[in-house]
Amino acid sequence: MREIIEVSRLGKEPSRIVIGDVVNSLENYLPEGKRVIVIADEHVYHTYRSIIGRYDYCLIGLGETNKTLATAQRLYGELLNLGADRSTFILGFGGGIVTDVTGFVASTYMRGLSFGFVASTLLAQVDASVGGKNGVNFEGYKNMVGTFNQPDFVLCDLSLLDTLPEREFKSGLAEIIKSGLIADLFKLFEAHTLKEFRENRPLLLEAVHRAVRVKADIVERDEREQGDRRKLNLGHTFAHAIEKSTREYLHGEAVAIGLVMIAALSVQQGTLTQEEADRVRAVVEKMGLPVQSGVELPQLLQALKLDKKKAAKSVNFVLMDGLGSCQIQPFTFGEIDRIQL
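Residues numbered from 1 in each chain as written. Predicted model: local features only at pLDDT ≥ 70, side-chain atom pairs only at ≥ 80, totals over all residues. Heavy atoms only, no water.

1. Comments concerning the overall build of the protein
No. 1: Looking only at helices and strands, the protein has 14 helices and 11 strands in total.
No. 2: Scaling as 2.2 N^0.38, a compact globule of 341 residues should have a C-alpha radius of gyration of about 20 Å, and the protein matches this with 19 Å.
No. 3: Projected onto its principal axes, the C-alpha positions of the protein cover 55 × 45 × 35 Å.
No. 4: Put simply, the protein has 341 residues, and 55% of those count as buried.
No. 5: Considering only contacts in the protein between residues 6 or more positions apart, those separated by 24 or more positions represent 69%.
No. 6: Accessible surface for the protein amounts to roughly 14400 Å². Of this, 48% is attributable to carbon and sulfur atoms. (Helix = DSSP H or I, 4+ residues; strand = E, 2+ residues; numbered from the N terminus. Rg over C-alpha atoms; globule rule 2.2 N^0.38 Å. Buried < 20%, exposed > 50% of the residue type's maximum accessible area, 1.4 Å probe, protein only. Contact = heavy atoms within 4.5 Å. Areas by Shrake-Rupley, 256 points an atom, 1.4 Å probe, with all protein chains shown as cover.)

Below you can see the structure in the form of structure tokens.
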């Protein structure tokens, strides 16, 4: 069973997001007659060596500390040594860090090569690999250097999640919860347990498909984040500040905490009821995700004022105005300093 979601690209064929049993038919999605070079991390390579080993490949280290310009620079050198040219196709095979780095390297090497992704984690399938944001961190700041460039395809095979550690699976669910708070998907989490999402493949397929559709529809309207796409940052302003302040959390865990915090702020701003905020917190807890960072609020507020999305002396917050809708509201630095949660 396969489901295909297409996202339009200016001057190109649409980017295709393919959800289903697809990894064993990878060759059907690769461009005919082009050389393929795979970028993966060491863990993914050892797990899927039978597939990746069919091609030339470059490996990166594990973890957020490898999502850097230094890693990109090393990959440029390896691509040169492998003789990669403008006709080479780059395939990122892995989680969100691999897809972010691969998209950035492919978009900048020789002024741009075609590329696609095999997303091996839930987070990558529903968020990191969809929408054309590619980048690396710089000086501790998330995705400070990057490009907008959509892949030719993203393959989301749920069978790849069978070997995913529980913590990473829950981290990916946080991004689906976020999608549910932007569009009409939140009740799916109120109706089911973490165990059901992990063990019921049709249920997980529905959640992934609906979350990808939410993001794809928004990206198609606003590829370069001038308007509606900013709503996809729901929970991320606090999340990025958490990630800047501590290395304790996976990205999805930081997003989960960010969702609880922005729900509380939305109540204070009068756009969300306390009962709705309590429901957000209850779902986050039910999915086994953290609801508090342990970082002092003044430290978080100072970190988020350095968010790359800031404009002059203000930062755009995405507030919830109900469960399934949100709005963008700028906060001045002075207003940020006065936040009490």
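Okay, back to it.
2. Details of the sheet that holds strand 2 (residues 12-20)
Backbone hydrogen bonds hold the strands of a sheet together, and the pairing may be parallel or antiparallel.
No. 1: Taken together, the 7 strands give an open sheet; going across it, the order is 1-2-9-6-5-3-4, and neighbouring strands pair in mixed fashion. The open sheet has two edge strands, strand 1 (2-9) and strand 4 (56-60), and neither has a second partner. Neighbour-to-neighbour, the strand axes of the sheet open up by a mean angle of 15°, direction not taken into account.
No. 2: Of the pairings in the sheet, the one linking strand 6 (residues 115-119) to strand 9 (residues 153-156) comprises 2 bridges and is parallel in character. (Pairing = 2+ DSSP bridges. Axes fitted to C-alpha atoms, helices over the stretch in contact; angles between N-to-C directions.)

3. Side note on the environment of threonine 193
No. 1: Following the sequence through the fold, threonine 193 ends up in the loop between helix 7 (186-191) and helix 8 (194-199).
No. 2: Taking the C-alpha atoms as reference points, threonine 193 and lysine 286, separated by 93 residues in sequence, lie 7.0 Å from one another.

4. Comments concerning the nonpolar core
No. 1: Ranked by internal contacts, the top residues of the largest apolar core, which has 98 residues, are Ile17, Leu122, Ile176 and Phe317.
No. 2: At 11 residues, helix 9 (residues 201-221) tops the list of elements feeding residues into this core.
No. 3: Ignoring anything within four residues of it in the chain, the contact list for leucine 122 reads Leu161, Leu164, Phe169, Gly172, Leu173, Ile176, Leu204 and Val208.
No. 4: If you look at the next biggest cluster of nonpolar residues, it comprises 22 residues, including Leu26, Phe89, Val118 and Phe153. (Core = buried A, V, L, I, M, F, W, Y, C linked by side-chain atoms within 4.5 Å.)

5. Points about the pairing of strand 2
No. 1: With 7 bridges connecting them, strand 1 and strand 2 associate as antiparallel partners. Directly across from glutamate 6, in strand 2, lies its bridge partner arginine 16.
No. 2: For strand 2 and strand 9, the ladder comprises 4 bridges, and the chain directions are parallel. Bridge assignment links arginine 16 to a residue of strand 9, and that residue is phenylalanine 153.

6. A look at helix 6 (residues 166-182)
An α-helix turns once per 3.6 residues; consequently, residues spaced three or four apart project the same way.
No. 1: A rise of 1.5 Å per residue sets the reference length of helix 6, with its 17 residues, at 24 Å; its end C-alpha atoms lie 25 Å apart and thus fit the reference within 8%.
No. 2: Among the 17 residues that make up helix 6, 14 are buried, leaving the element largely enclosed by the rest of the structure. (Expected span 1.5 Å × (residues − 1).)

7. Here's the deal with the pattern of salt bridges
Close approach of charged atoms allows side chains of opposite charge to pair.
No. 1: Inspection of the entire model under this criterion finds 18 salt bridges.
No. 2: Notably, a salt bridge pairs arginine 210 with glutamate 206, separated by 3.0 Å at the nearest N-O pair. Of this pair, arginine 210 and glutamate 206 are both found in helix 9, 4 residues apart, which corresponds to roughly one turn of the helix.
No. 3: A residue is classified by how much of its surface remains accessible, and glutamate 206, at 34% relative accessible area, is partly exposed.
No. 4: Between arginine 281 and glutamate 285 there is a salt bridge, with its nearest N and O atoms 3.8 Å apart. Placement of the pair is arginine 281 and glutamate 285 together in helix 12 (residues 274-286), with a separation of 4 residues, close to one helical turn.
No. 5: Looking at arginine 281, the relative accessible area reads 31%, which means it is partly exposed.
No. 6: A residue is classified by how much of its surface remains accessible, and glutamate 285, at 43% relative accessible area, is partly exposed.
No. 7: Look at the salt bridges and you will find they share partners, linking Asp127, Glu175, Lys178 and Lys215 into a network. (Salt bridge = Lys/Arg side-chain N within 4 Å of Asp/Glu carboxyl O.)

8. Here we look at the packing of helix 11 (residues 251-268) against helix 12
No. 1: For the pair helix 11 and helix 12, the least separation of the axes is 9 Å and the interaxial angle reads 175°. Between helix 11 and helix 12, the interaxial angle falls into the category roughly antiparallel. Listed contacts from helix 12 to Ala256, Leu259, Val260, Ala263 and Val267 of helix 11 are Gln274, Ala277, Val280, Arg281 and Val284.
No. 2: Across the contact of helix 11 with helix 12, the residue classes tally to 8 nonpolar, 1 polar and 1 charged. (Parallel < 35°, antiparallel > 145°, perpendicular 65-115°, else oblique. Nonpolar A, V, L, I, M, F, W, Y, C, P; charged D, E, K, R; others polar.)

9. Side note on the side chain of glutamate 276
No. 1: Inspection of the secondary structure puts glutamate 276 in helix 12.
No. 2: With no salt bridge to any partner, buried glutamate 276 finds its closest opposite charge in arginine 279, at an N-O distance of 5.5 Å.
No. 3: Once residues within four sequence positions are removed from consideration, glutamate 276 is found in contact with Gly322 and Leu323. (Lys, Arg positive; Asp, Glu negative; His and termini not counted.)

10. Here we look at the environment of valine 145
No. 1: Among the structural elements, valine 145 can be located in strand 8 (residues 141-148).
No. 2: Classification of valine 145 as partly exposed rests on a relative accessible area of 27%.
No. 3: Put simply, valine 145 and leucine 319 are 174 residues apart on the chain and 26 Å apart in space, counted from C-alpha to C-alpha.
No. 4: Each residue touching valine 145, except ones within four places of it in the same chain, is listed here: Leu69, Phe104, Asn134, Gly135, Val136 and Phe138.

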